[in-house]
Amino acid sequence: MIYIIGSGIAGLSAAVSLKMAGYKVTVITKKVDGGSTPIAKGGVAVAVSVDDSPELHAEDTIKVGDGLCDIRTVRYVTQEGKHAVETLQSWGFEFDKGLRLEGGHSRRRVMYKTDETGGEIFRFLLTKARSLGIPVVEDMVTDLIVKEGEVRGFVTKTRGIIEDADKVVLATGGYSYLFEFTSTQPTNIGEGIAMAFKAGAVVGDMEFVQFHPTVTKLDGETFLMTETLRGEGAKVVNEKGERFLFNYHPKGELAPRDILSRAIYIEMLKGHQVFMDLRGIEDFQRKFPVVASYLARHGRDPKKDLIPISPAAHFVDGGIRVNIRGESSVKNLYAIGEVSDSGLHGANRLASNSLLEGLVFGINLPQYVDLQWEGITTGDGIMKTLKLVEDEGIDNTLTLNEIRKLNWENLGIIRNHEKLSKLTSVYYPSKSRPEILISYLTALAADIRTESRGNHYREDYPFKDPRWEKRIYFRVSNS
Ligand SMILES: Cc1cc2nc3c(=O)[nH]c(=O)nc-3n(C[C@H](O)[C@H](O)[C@H](O)COP(=O)(O)OP(=O)(O)OC[C@H]3O[C@@H](n4cnc5c(N)ncnc54)[C@H](O)[C@@H]3O)c2cc1C
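Since the structure is predicted, the reported quantities are computational estimates derived from the model, not experimental observations.

1. Observations regarding the packing of aromatic side chains
On inspection of all chains with the given rule, the structure shows twelve aromatic pairs. Measuring from ring centre to ring centre gives 4.1 Å for F223 and Y294, while their planes differ by 15°; the resulting arrangement is stacked. Of this pair, F223 sits in strand β12 (residues 221–224) while Y294 is found in helix α9 (residues 289–297), placing the two residues 71 residues apart along the sequence. When the ring of Y265 is compared with that of W408, the centres are 5.8 Å apart and the planes differ by 85°; the resulting orientation is edge-to-face. Here W408 lies in helix α11 (residues 400–410) and Y265 lies in helix α7 (residues 257–269), a separation of 143 residues in the sequence. Residue Y265 shares its accessibility class with W408, and that shared class is buried. Ring-pair connections join several aromatic residues into one group, and the members of that group are F179, F181, F211, Y265 and W408. The side chain of R349 reaches across the aromatic face of F315, ending 4.5 Å from its centre. Looking at R404, its charged tip hangs above the ring of Y177, at a distance of 3.7 Å from the centre.

2. Looking at the pattern of salt bridges
For the structure shown, the criterion picks out 37 salt bridges. The shortest N-O distance in the salt bridge between D143 and K198 comes to 3.0 Å. Placement of the pair is D143 in strand β6 (residues 141–147) and K198 in helix α5 (residues 191–198), with a sequence separation of 55 residues. Owing to a relative accessible area of 30%, D143 belongs among the partly exposed residues under this scheme. On the basis of relative accessible area, K198 is assigned to the partly exposed category, the value being 21%. As a salt-bridge pair, E221 and R297 come within 2.7 Å of each other at their nearest N and O atoms. With E221 in strand β12 and R297 in helix α9, this residue pair connects regions lying 76 residues apart in the sequence. Looking at E221, the relative accessible area reads 28%, which means it is partly exposed. A single salt-bridge network, built from bridges that share partners, covers E207, R449, E451, R453 and E469.

3. Topic: the nonpolar core
Counting 62 residues, the largest nonpolar core has F154, L333, L441 and F474 as its most contacted members. Here this core gets nine residues from one element, more than from any other, and that element is helix α13 (residues 434–448). When residues of this core are sorted by domain, at least three fall in each of domain 1 (2–205 + 315–367) and domain 3 (387–476). Beyond its immediate chain neighbours, meaning those up to four positions away, F474 contacts F197, A201, V202, V203, M383, K384, L386, L441, L444, A445 and I448. The next biggest cluster of nonpolar side chains, apart from the first, holds 51 residues, and it includes L12, V25, A40 and L356.

4. Regarding the sheet that holds β12
Ordered by their spatial adjacency, three strands build an open sheet running β12-β11-β16, and the pairing between neighbours is antiparallel. Two strands in the sheet have a free side with no partner beyond their single neighbour: β12 and β16 (310–316). Strand-to-strand twist across the sheet, computed as the mean angle between neighbouring axes with direction ignored, equals 50°. Two elements, strand β11 (residues 209–218) and β16, share five bridges in a ladder whose sense is antiparallel. In the sheet register, V209 faces β16, and the bridge partner there is V316. On top of the sheet, α7 reaches β11 and β16; it is set at about 55° to β11, its chief contact.

5. Details of the UniProt feature "domain: FAD-dependent oxidoreductase 2 FAD-binding" (unreviewed entry) in the chain
When the UniProt feature table is mapped onto this chain, "domain: FAD-dependent oxidoreductase 2 FAD-binding" (unreviewed entry) is found at residues 4–355. Overall, residues 4–355 shows 28% helix and 22% strand. The separation of its end C-alpha atoms is 17 Å.

6. Here's the deal with the site of the ligand
Inspection of the region around the ligand gives 39 residues, with T37, G42, E191, E338 and L355 positioned closest. S7 is positioned such that a nitrogen or oxygen atom in its backbone is 3.0 Å from an oxygen atom of the ligand. Interatomic distance of 3.0 Å between a backbone N/O atom of K31 and an oxygen atom of the ligand. Considering the ligand on its own, with 1,000 Å² of exposed area, one finds that the protein chains cover 98% of that surface. The set of elements that each furnish at least two residues to the shell around the ligand consists of α1 (9–20), α5, β16 and α10 (353–364). Split into classes, the residues belonging to the shell around the ligand amount to eleven nonpolar, 21 polar and seven charged.

7. With respect to the pairing of strand β21 (residues 472–476)
With four of five residues buried, β21 lies mostly within the body of the structure. Note that strand β10 (residues 203–204) and β21 share two bridges and pair antiparallel. Bridge pairing in β21 links V203 to F474. Here strand β20 (residues 382–386) pairs with β21 via five bridges, running parallel. The partner of M383 across the bridge, within β21, is Y473.

Criteria and cut-off values
Residues numbered from 1 in each chain as written. Predicted model: local features only at pLDDT ≥ 70, side-chain atom pairs only at ≥ 80, totals over all residues. Heavy atoms only, no water. Phe/Tyr/Trp six-rings, centres within 6.5 Å; stacked < 30°, edge-to-face > 60°. Helix = DSSP H or I, 4+ residues; strand = E, 2+ residues; numbered from the N terminus. Buried < 20%, exposed > 50% of the residue type's maximum accessible area, 1.4 Å probe, protein only. Lys NZ or Arg CZ within 6 Å of the ring centre and 35° of its normal. Salt bridge = Lys/Arg side-chain N within 4 Å of Asp/Glu carboxyl O. Core = buried A, V, L, I, M, F, W, Y, C linked by side-chain atoms within 4.5 Å. Domains from an automatic or database assignment. Contact = heavy atoms within 4.5 Å. Pairing = 2+ DSSP bridges. Axes fitted to C-alpha atoms, helices over the stretch in contact; angles between N-to-C directions. UniProt positions renumbered as here; feature names shortened; annotations may be inferred. Near = heavy atom within 4 Å. Polar contact = N/O pair within 3.5 Å; in protein donor to acceptor, adjacent residues only side chain to side chain. Areas by Shrake-Rupley, 256 points an atom, 1.4 Å probe, with all protein chains shown as cover. Nonpolar A, V, L, I, M, F, W, Y, C, P; charged D, E, K, R; others polar.

What follows is the structure, encoded as structure tokens:
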């Protein structure tokens, strides 16, 4: 039996693809509609138009990745994109006609369906999986079972020990929910990365967390105010109505994401409130039906009301180090999608490349599962070995929400040694609290990387340093 943990785009596409290739699969997931996929909006980047090519897509990906992309993975994913979406279409999924242009892309290559591409793909794949008879079971996986260097099974919260696994595929998403402000759902606190790390897997690139500049939360419902709103004339203002972004970048609202996130964050630190002013957008309802219905649900009128916004943790580049097959450094343990560190994104993610990554690694998995295990290579990266710490006897009563607040303030958009060392002194490589272990690894990597690169910004080292063109990896110590 192949067990797939997680029911986002990576897990469900792997499950359907494996089942159609004749394998026995079961999906175990903490919450069926948890994770980022059901709420992902924009689309899937694929080089399909006549004036585009996988090589151009690879070039754009590498440029945004700021010196840390794994070139082999980038070539593989950009080449395989077309096959992956064609396979999805052959299963019956229909994208809308046309391709969108997004920031960082030199061509129109974003395939989409309405304003809710992730949600549409998620619902389609879930229905497909169920129609094929694949069990999709809600339960939380807490630990992996490793014997003689191989993964043999895992432990779940309600079913206990499951030991009939031929392979385990982790597709548990990222850890953006470990930040107070986030665009993702509470399921995503990095549990998959924590259990793999404890089982001996190498993890890498943990310091690279992407922040989205414009996320709102009305009556507790988080919502991403898409880039296209700004492209169509939405303004970002403070409570005095000032368009302060021009003080930070000549392009104002159309500046790159990381600059916008920093500018809005600094304005908030100065005590200002920040809003999106949608009043200048003509024909709002027709152009942005999903945003319009969100606002209507919360009694806001885009013609009259200013919408409060904040930057928020959105995506993580790092995770469980894998090769292009999805193999980790522990035999029979695969990691696919956002939980993995495939090297596709390097130090920063090109928009719409993550749904693509999940789809390529998920759909192609049957090609690899019976091959001899290859595992990973770490090249000239820095490897740090850490000893796990038993939680008993440690006076640490931090709640998840306290951790999220600490991370937002000290491990967020603007980092420095003082803030990061505060975190590495309260967190530790916890054996039983994934939120502490993952926060520790992220803070430690961010502290070690004494430069600014991609989405990692250090105010005490504000420039990119060529000596840091290498990854930081962590592995558990055996002694
Ligand atoms: C608001 C938003 C908009 C986005 N828009 C885009 C976009 O337009 N294009 C793009 O390419 N990317 C986008 N992204 C990023 C993209 O959605 C994610 O990177 C991608 O969906 C991740 O898919 P996944 O299958 O790897 O993980 P997820 O979709 O995050 O799924 C993780 C799954 O793991 C399960 N899980 C977690 N922990 C456990 C556990 N311990 N035991 C069992 N199950 C567990 C969860 O329940 C969930 O089912 C967006 C992200 C957000 C938050």
